[in-house]
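So you can see what is in the structure, the chains are spelled out below.
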Amino acid sequence: MTSPYAPHTDAETEAMLAAVGGDDIEALFDVPDAVAFDGEFGIEARGERETRREAARLLGRNDDLTEFLGRGHYAHYVPSVVDDLASRSEFLTSYTQYQPEVAQGFLQALFEYQSILVELTGLDVANCSMYDEATALGEAATLAKRVRSVSGETVLVPDHLREGKRAVLENYADGPGLSVETYPMADGQADIDALAEAVDEGVALVYAETPTVRGVVEERLADIGALADDHDALFCLGSDPVALALLERPADVGADVVVGDAASLGTGTAYGFGLGMFVTREEHLRQVPGRLVGASEDADGRRAYTLTLQTREQHIRKERATSNICTNQAWVALRAAMHAAWLGPDGLVDLAEDCVTRPRDLATRLDDVVGIQAPVHGGHHFREFAARTDQPARAVVEDLAAAGYAVHAVGEHLIQVSATEVTAEAEDGLVDALAEVAK
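Since this is a predicted model, take the numbers as computed values, not measurements.

Regarding the pattern of salt bridges
Okay, step 1: On inspection of all chains with the given rule, the structure shows 19 salt bridges.
Okay, step 2: Between Arg88 and Glu90 there is a salt bridge, with its nearest N and O atoms 2.7 Å apart.
Okay, step 3: Several salt bridges share partner residues, and in doing so they unite Glu133, Arg162, Lys165 and Glu209 into one network.

Here you go:
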């Protein structure tokens, strides 16, 4: 096996094989015969017209559902200006700025993205490049391990934490020897008394969310922050830019790190694709994973932008890196900044307020449906809410899907419904469908 992209001489190849104890290059790979490439793709050759017809047939097999989903992925209307501007070649071709200073326009947009997050959170330093909210939480945990002044190996998370996010966090925690433990929830929010019993000197990080995974606005964030501070643990808060436009600033409740998914702006529902948000205090500047864009001046005294911090292993020695993230979500961050700028401060607040009133009004309508009690939890909700069903939740979800609507089943008799401006015109149909299937 030879590669035109790795131009080693025969002598160099033999020397490397001898160093690792391999007889030949093929011995370095263990590919089962069942999946090894045999030189044939097994794809029938087609012309353009036939290929388009086949693609249309395959795509036609997808379910055509109106999604009232949520639980981390939210559909907001993305203005056309975002698609138009973000698709310009100067942004697409400089997506990864390995020679960053030649891409001043892109760096300025990322600087504005960071500035937006700093303003929304009240913290000092925002990362411009993180995969998604799950990896951002994992990076917060490893940061806590590095900066905490006394020993602590435990990360406390709510027991309602989404399974996928918990799995990613545990993967991150495994390397530095952290353990992930949970504290209970009460009526959709943190059980403060139980959390107080769980926090001790062995806790490195306390994580809470607002809104919570059930869509409930956490009301006692300051108490959670105080508990973490009393035990010298970092307080990490999960949220998103739209919610932060309306809710109390994380800095005001003692948050040390804010993580979440910023793809609620600029991207919409992207079926698992996200934009990790990571904001922290200036004292942790040298420990921030990923990259930071800063503002300076060029030789002529003009304002200029540069990557001022690149602490990942592709840029510095591996043993000095704070993160192994080796790509970035810069183009998605660009879209988020464009969307936020298009909305402006007042528009962002208006959108956030709609995320409170719309699920509240929809829950009120569903509560009038026989066989549905909504919302299950008290307090204020943001975008989504849980509802109790007399019928098994899974059966209700399947019947709704047959009627053209998608919601989550989160318990034996619990469904979860997300409502945004994108689903506004379909709300009447959802209510009518539930009236039929929930009896």
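Now that the structure has been shown, we can carry on.
Examining the sheet that holds strand 16 (residues 408–411)
Okay, step 1: An order of 13-14-17-16 is seen for the four strands of this open sheet, with the pairing classed as antiparallel. Strands with a single pairing partner mark the edges of an open sheet, and in this sheet they are strand 13 (372–373) and strand 16.
Okay, step 2: Taken together, the five bridges between strand 14 (residues 384–389) and strand 17 (residues 414–418) define a ladder with antiparallel strand orientation. Within the sheet, the bridge partner assigned to Ala387 lies in strand 17 and is Ile415.

Description of a nonpolar patch on the surface
Okay, step 1: Among the surface-exposed residues, Val20, Leu28, Phe29, Val31 and Val35 lie close enough to one another that they form a single nonpolar patch of about 500 Å² accessible area.
Okay, step 2: Among the secondary structure elements, Phe29 is positioned in the loop between helix 1 (10–20) and helix 2 (48–59).
Okay, step 3: Residue classification places Phe29 among the partly exposed positions, given a relative accessible area of 48%.

Observations concerning empty space enclosed by the protein
Take a probe with the size of a water molecule and roll it over the atoms, and the empty space left behind shows itself.
Okay, step 1: Throughout the structure, instances matching the rule amount to three cavities of 30 Å³ or more.
Okay, step 2: Its volume calculated, the largest cavity comes out at about 280 Å³.
Okay, step 3: If you trace the largest cavity, you find 26 residues lining it, with Gly72, Tyr74, Glu133, Ser239 and Asp240 closest to the centre.
Okay, step 4: Elements represented by at least two residues in the lining of the largest cavity include exactly strand 7 (203–209), strand 8 (234–239) and strand 9 (257–261).
Okay, step 5: Broken down by class, the residue content of the lining of the largest cavity amounts to eight nonpolar, nine polar and nine charged.

Some thoughts on the layout of surface pockets
Okay, step 1: Here the largest pocket defines a volume of roughly 410 Å³.
Okay, step 2: Lining the largest pocket are 22 residues, with Glu67, Leu69, Gly70, His73 and Thr269 positioned closest to its centre.
Okay, step 3: For the lining of the largest pocket, the secondary-structure elements that each account for two or more residues are strand 1 (66–67) and strand 16.
Okay, step 4: Tallying contributions element by element places strand 16 first for the lining of the largest pocket, with three residues.
Okay, step 5: Looking at the lining of the largest pocket residue by residue, the classes come out as eight nonpolar, 11 polar and three charged.

Quick look at the sheet that holds strand 2 (residues 125–126)
Okay, step 1: Spatially, 2-10-9-8-7-3-4 is the arrangement adopted by the seven strands of the open sheet, whose pairing is mixed. Strands with a single pairing partner mark the edges of an open sheet, and in this sheet they are strand 2 and strand 4 (179–183).
Okay, step 2: Examined bridge by bridge, strand 2 and strand 10 (residues 276–280) share two bridges and lie antiparallel to one another. Looking at strand 10, one finds that Ala126 is bridged to Val279.
Okay, step 3: Across the face of the sheet, helix 6 (residues 133–147) comes into contact with strand 3 (154–158), strand 7, strand 8, strand 9 and strand 10 while running at roughly 165 degrees to strand 9.
Okay, step 4: Helix 9 (residues 221–230) contacts strand 7 and strand 8 of the sheet and is inclined by roughly 150 degrees relative to strand 8.

Rules used throughout
- Residues numbered from 1 in each chain as written.
- Predicted model: local features only at pLDDT ≥ 70, side-chain atom pairs only at ≥ 80, totals over all residues.
- Heavy atoms only, no water.
- Salt bridge = Lys/Arg side-chain N within 4 Å of Asp/Glu carboxyl O.
- Pairing = 2+ DSSP bridges.
- Helix = DSSP H or I, 4+ residues; strand = E, 2+ residues; numbered from the N terminus.
- Patch = residues over 30% accessible without salt bridge, like charges linked within 9 Å, V, L, I, M, F, W, Y side chains within 5 Å.
- Areas by Shrake-Rupley, 256 points an atom, 1.4 Å probe, with all protein chains shown as cover.
- Buried < 20%, exposed > 50% of the residue type's maximum accessible area, 1.4 Å probe, protein only.
- 1 Å grid on protein atoms, 1.4 Å probe; cavity = no way out; pocket = protein on both sides within 12 Å on 5 of 7 lines; lining within 4 Å.
- Points joined across faces, edges and corners; volume = space filled by probe spheres on them.
- Nonpolar A, V, L, I, M, F, W, Y, C, P; charged D, E, K, R; others polar.
- Contact = heavy atoms within 4.5 Å.
- Axes fitted to C-alpha atoms, helices over the stretch in contact; angles between N-to-C directions.

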